[in-house]
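# Examination of the molecular architecture
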Amino acid sequence: QVQLVESGGGLVQAGGSLRLSCAASGSTVSIITMCWYRQVPGQQRELVAQITRGGATAYADSVRGRFSISRDNAKNTVYLQMNSLKPEDTAVYYCKAGTIGYGDNWGQGTQVTVSS
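Residues numbered from 1 in each chain as written. Predicted model: local features only at pLDDT ≥ 70, side-chain atom pairs only at ≥ 80, totals over all residues. Heavy atoms only, no water.

Applying the stated criterion across every chain, the model contains one disulfide. Between Cys-35, a cysteine without a disulfide, and Cys-95, which holds the nearest cysteine sulfur, the sulfur-to-sulfur distance is 8.1 Å. (Disulfide = S-S within 2.5 Å.)

Rendered as structure tokens:
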């Protein structure tokens, strides 16, 4: 099993930046993909960005060019650098680890609020 703890959320003005962190522990050798999702109340959880063990990345169209995902394998931590934030980026952001043998593991989420 993999445990995930997110941090770095908060309140920021439109145009500002935040960096989210997701620290993994437990069976980290089983992790093949790390992802960031976000969810607004009443809406489905949306994939924002993902990164593979080898470093390949992918982004949702709504954040491409503004958000950047990276990982530090030595620290078992994945980051989401969010720049040029917009009010529509307001959501709870979740980290997910895709693993071999343990399925998908989720963090508890961190709130990001962007004021206009």
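The subject of this paragraph is the pattern of salt bridges. Scanning the model with the defined rule gives five salt bridges in all. Arg-38 serves as the salt-bridge partner of Asp-89, at 2.9 Å between the closest nitrogen and oxygen. A residue pair is termed long-range when its members are at least 10 positions apart, and Asp-89 in the loop between β8 (77-82) and β9 (91-99) and Arg-38 in strand β4 (residues 31-39) qualify at 51 residues. The same class applies to Asp-89 and to Arg-38, which are both buried. Ionic pairing is found between Arg-64 and Asp-61, a salt bridge with its closest N-O pair at 2.6 Å. The exposed category is assigned to Asp-61, whose relative accessible area is 65%. Salt bridges sharing common partners tie together Arg-38, Glu-46, Arg-66 and Asp-89. (Salt bridge = Lys/Arg side-chain N within 4 Å of Asp/Glu carboxyl O. Helix = DSSP H or I, 4+ residues; strand = E, 2+ residues; numbered from the N terminus. Buried < 20%, exposed > 50% of the residue type's maximum accessible area, 1.4 Å probe, protein only.)

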